[in-house]
Amino acid sequence: MSGDFARDVVSVTPSVAAHARTPMRSPPRVSALWLLLTACALLVLTSVWTLAAEDELSFGRKPWQNLQKTVAEMSEPSFLRLWFGETRHEIRDQDGKVLRVDDQRATERRYLAGVGRALWTTLRIATLGTALAALMALPLGLLAARTLNAPRPVFWVAKGVLDVMRSIHTLVFGLFFVGIVGLGATAGILAVAAHSAGTLGKLLAEAIETLDTQPVDAVRATGATAGQVFFLGVWPAVLPQYVSQVLYVWEFNIRDSTILGLVGAGGLGLLLSEAMALFQWGRLATLLIAIVIMVIAFDAVSRAVRRRLV
Amino acid sequence: MSSAAIASTAVIDAQGLHVRAGEQALLRDVSLTIASGERVAIVGHNGAGKSTLLRTVSAFSRVDEGQLHVLGTDVTLLREPRNAQSTRQVRHLRSRVAQVLQGLHLIGRLSVLDNVLIGGAARTMSWLTWLRRWPAHEREQARAALARVGMAWAAARRTDSLSGGERQKVAIARALHQAAPVLLADEPTASLDAEAADEVIALLTSVVAERRATLVCVVHDLDMVPRLAERVIVLRRGQVVADVRVHGEIAAELRGILK
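A brief structural summary.

Topic: the overall build of chain B
Phase 1: The number of helices and strands found in chain B is nine helices and ten strands.
Phase 2: The C-alpha atoms of chain B give 18 Å as radius of gyration, which agrees with the globular expectation for 259 residues (18 Å, within 12%).
Phase 3: By principal-axis analysis of the C-alpha atoms, chain B measures approximately 45 × 45 × 35 Å.
Phase 4: Taking all 259 residues of chain B together, the buried fraction comes to 55%.
Phase 5: Sequence separation of 24 or more characterises 66% of the internal contacts of chain B that already satisfy a separation of 6 or more.
Phase 6: Surface summary for chain B: the accessible area is close to 11,400 Å², and the carbon and sulfur share equals 51%.
Phase 7: Computing the positive centroid from 33 side-chain charges and the negative centroid from 26, chain B places the two 6 Å apart.

Here you go:
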C-alpha cells in the first residue's frame, strides 16, 4: 500500500508524456537495419565455416540410402500387424532351424496395450504437473507483477525464481528429479511443474501488468481495502486469461512429457527410447502416430474451451 | 482558526495548489472553494488539468505545494510514505467522495449488481467481500440504487453486455450505493449519443439534488454546462482563468474565454 501515491501519479503521466514527446521521434535509420543484417550474416558464415573446419558438418557415408531405408521401415507401422500379422511367424537361426513361433497379432495387441498405458501415464504426468504449476505460479506471479507493488526485495526474489524456473528445460528438471525421487512418474510430474510454474508465473504477472487500470482505480476510488481492490478489481479481470494460459501450457506439457521418459521420468518416452535403441522403426512409427493423435485431439478440445472463456 | 472554520462549511477548499508530474506542472497555484450542495462544472482544453484536479481531490495525485482540504481532511498530510493510519484516512476520504469516471471503468465480467455492491466496499471490509459475499442489507441497498437509475432489470446481467449509456447509469448507481456527500464526475457523457447523454445528465442532477450532495463535474460539451451546474470553473494550462455563475448565455461566454 505504501507505493500507492507513486503508482497513482505514474498512471497519470503517460498521456501527458505522450502529448509532449510524439512529434520529437525521428524516423528509424536504414543503416541500423543493414548493420544488424550484416552482423547476422557474419554469424551464420562463421558458424558454417568453423563447423566445417572441425569436420562437424558431415552427412555420414550414405545419407540418401539411409533415408530411404528409414522411410521404408517407418512406412510400415507396427500396429498394422493387428490385422496383417502372421499368426504363426517362425523365427529361425542361421541354419534355418525354427527357434520360436510367434503370433504377431497377439504380440502387437500386448504392445499396443502397453502404449495405451504409457499414453495414459503421460497424460496424467502432464495434468498433475500443470495443476501443480498453476498453484505454484499464483503467489509467484502476483509478487512479480510490477503493478501490485510487492516490497522490492520480495519482487526481485519472485521474479528471479520465475526466471530460473523458466530457463531450465523440463528434460533437465527431469534428470534432476530422477536423481532425487527416483525413476517414475513422480519425477516427471515435478519436472513439468517446475518448468511450467516459471512460464505461468511470468504470464500471470504480465497479464496483471497489462490490465486496464481504469476499473481497478475505480474500485480503489470507493475507499476499498487493498484486499478488496485485488479480489474485486484485479482478480475477476485476470482470471479468464490465467485459465486460458493454464490450458495452453497444459496442451504444451502433453507434448513435452512424451519425451520425459527418455530420462526415466515415466510415460511414452521410455517406449520411444526403447524402439529407437532396438531399431524397431515400425514401433517408432506406431508411437509417433499415437502421439500425434493425442496432441491433435487435446489441442482441439483445449482450443474450443479457451475460445469460450473470455 | 480560520482554516478550521472554512473546513466546516466548504466541502473542497484549495489554496495555492501545485501538482507536478516530473518537470511538467499539471496544476499551478489553484485556489478555489466549493461549498456543500454546490453543483460545479470544470471546463478547459485537453491537458488543462481538469482530471488532475479531480484526482487530487480523491488523493490519487500528490499535492506538491499548497493546501487542500476535502470534507475537513487535510489531503496534503496524506503524502508518502504512507503508514497504516494515513492509508486508513485515504480510504475513509475516498469512501466519502464518490466518482463517476469517463469511459469503461466497471468490471465487465462481473454482474451489474456486483459492480454496484463495490460502492459499499469501505463499509463492509470483511474478507467475505473478497468472494463477493455481501451482507443482506448491502444487497438490498444496492438493488434500491439500481432501481433508482432504472436498471433493476439488469441486476443479474454481465456488465459488458450493456450499452455505454446503461453502463454509465450503473456507474451512477455505484456512486449512489456509496452514499458519499461529494460526487466527482469526469466527462460522464463522453462517448454517449445525445439521447443517452440527456438521460445520464438528468439522472445525475436529480440524484445529487435528492441527496443534497455536492457535484463536481468535468464537462467537455459546453452546451451541457447549464443543465449540469450552477457555477463554472475554467482551467487553462493548470491555472484557474475564470470562475463564474451559470446564466443563459454561458456557453457563448465560455467559448469566448476558451478561444
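And the narrative resumes.
Side note on the pairing of strand β1 (residues 10-21) of chain B
Residue and element names in this part refer to chain B.
Phase 1: Judged by how many residues are buried, β1 sits mostly within the fold: ten of twelve residues are covered.
Phase 2: Examined bridge by bridge, β1 and strand β2 (residues 24-35) share eight bridges and lie antiparallel to one another. Considered in β2, the bridge of R20 is made with A25.
Phase 3: Bridge count for β1 against strand β4 (residues 65-70) is five bridges, and the pairing is antiparallel. Residue I12 lies in a different strand from β4, and its bridge partner there is V70.

Quick word on the packing of helix α5 (residues 104-143) of chain A against helix α12 (residues 281-309) of chain A
All names here are of chain A.
Phase 1: As a packed pair, α5 and α12 sit with axes 11 Å apart at the nearest point and diverge in direction by 40°. The pairing of α5 with α12 is recorded here as oblique in orientation. With respect to the hand of their crossing, α5 and α12 are arranged in right-handed fashion. Of the residues in α12, those touching α5 at T107, E108, Y111, L112, V115, L119, T122 and L123 are R283, T286, L287, A290 and M294.
Phase 2: Looking at the contact of α5 with α12 residue by residue, the class counts come to eight nonpolar, three polar and two charged.

Some thoughts on the sheet that holds β4 of chain B
Residue and element names in this part refer to chain B.
Phase 1: Read from one edge of the open sheet, four strands run β2-β1-β4-β5, paired in antiparallel fashion. Pairing within the sheet leaves two strands with one partner each, and these edge strands are β2 and β5 (73-74).
Phase 2: On top of the sheet, helix α2 (residues 50-57) reaches β1, β2 and β4; it is set at about 65° to β2, its chief contact.

Thoughts on the pattern of salt bridges
Phase 1: Here the structure, examined in full by the defined rule, presents 18 salt bridges over all chains.
Phase 2: Here E251 of chain A ties to R306 of chain A by a salt bridge, and the two come within 3.1 Å at their closest N and O atoms. Taken as a pair, E251 of chain A in helix α10 (residues 226-256) and R306 of chain A in helix α12 lie far apart in primary sequence, 55 residues in all. Residue E251 of chain A shares its accessibility class with R306 of chain A, and that shared class is buried.
Phase 3: Linking R231 of chain B and E38 of chain B is a salt bridge whose minimum nitrogen-to-oxygen distance equals 3.0 Å. Residue R231 of chain B is located in strand β9 (residues 231-236), and its partner E38 of chain B is located in the loop between β2 and β3 (39-43); the two are separated by 193 residues in the primary sequence. With respect to burial, R231 of chain B and E38 of chain B carry one shared label: buried.

What about the sheet that holds strand β6 (residues 97-100) of chain B?
Residues and elements named next belong to chain B.
Phase 1: Strands sit in the order β6-β7-β8-β3-β9-β10 across an open sheet of six strands; the sheet is mixed. In the strand order of this sheet, the two ends are held by β6 and β10 (239-245), each with one partner. Strand-to-strand, the axes of this sheet are offset by a mean angle of 20°, without reference to chain direction.
Phase 2: Contacts between α2 and the sheet are confined to β3, β7 (182-186), β8 (214-218) and β9, with β7 contributing the most and set at about 150° to the helix.
Phase 3: Sheet contacts for helix α6 (residues 164-178): β6 and β7; angle to β6, the most-contacted strand, approximately 175°.

Rules and cut-offs
- Residues numbered from 1 in each chain as written.
- Chains lettered and ligands numbered in written order.
- Predicted model: local features only at pLDDT ≥ 70, side-chain atom pairs only at ≥ 80, totals over all residues.
- Heavy atoms only, no water.
- Helix = DSSP H or I, 4+ residues; strand = E, 2+ residues; numbered from the N terminus.
- Rg over C-alpha atoms; globule rule 2.2 N^0.38 Å.
- Buried < 20%, exposed > 50% of the residue type's maximum accessible area, 1.4 Å probe, protein only.
- Contact = heavy atoms within 4.5 Å.
- Areas by Shrake-Rupley, 256 points an atom, 1.4 Å probe, with all protein chains shown as cover.
- Lys, Arg positive; Asp, Glu negative; His and termini not counted.
- Charge placed at Lys NZ, Arg CZ, Asp CG, Glu CD.
- Pairing = 2+ DSSP bridges.
- Axes fitted to C-alpha atoms, helices over the stretch in contact; angles between N-to-C directions.
- Parallel < 35°, antiparallel > 145°, perpendicular 65-115°, else oblique.
- Left-handed = near helix turned anticlockwise from the far one by under 90°.
- Nonpolar A, V, L, I, M, F, W, Y, C, P; charged D, E, K, R; others polar.
- Salt bridge = Lys/Arg side-chain N within 4 Å of Asp/Glu carboxyl O.

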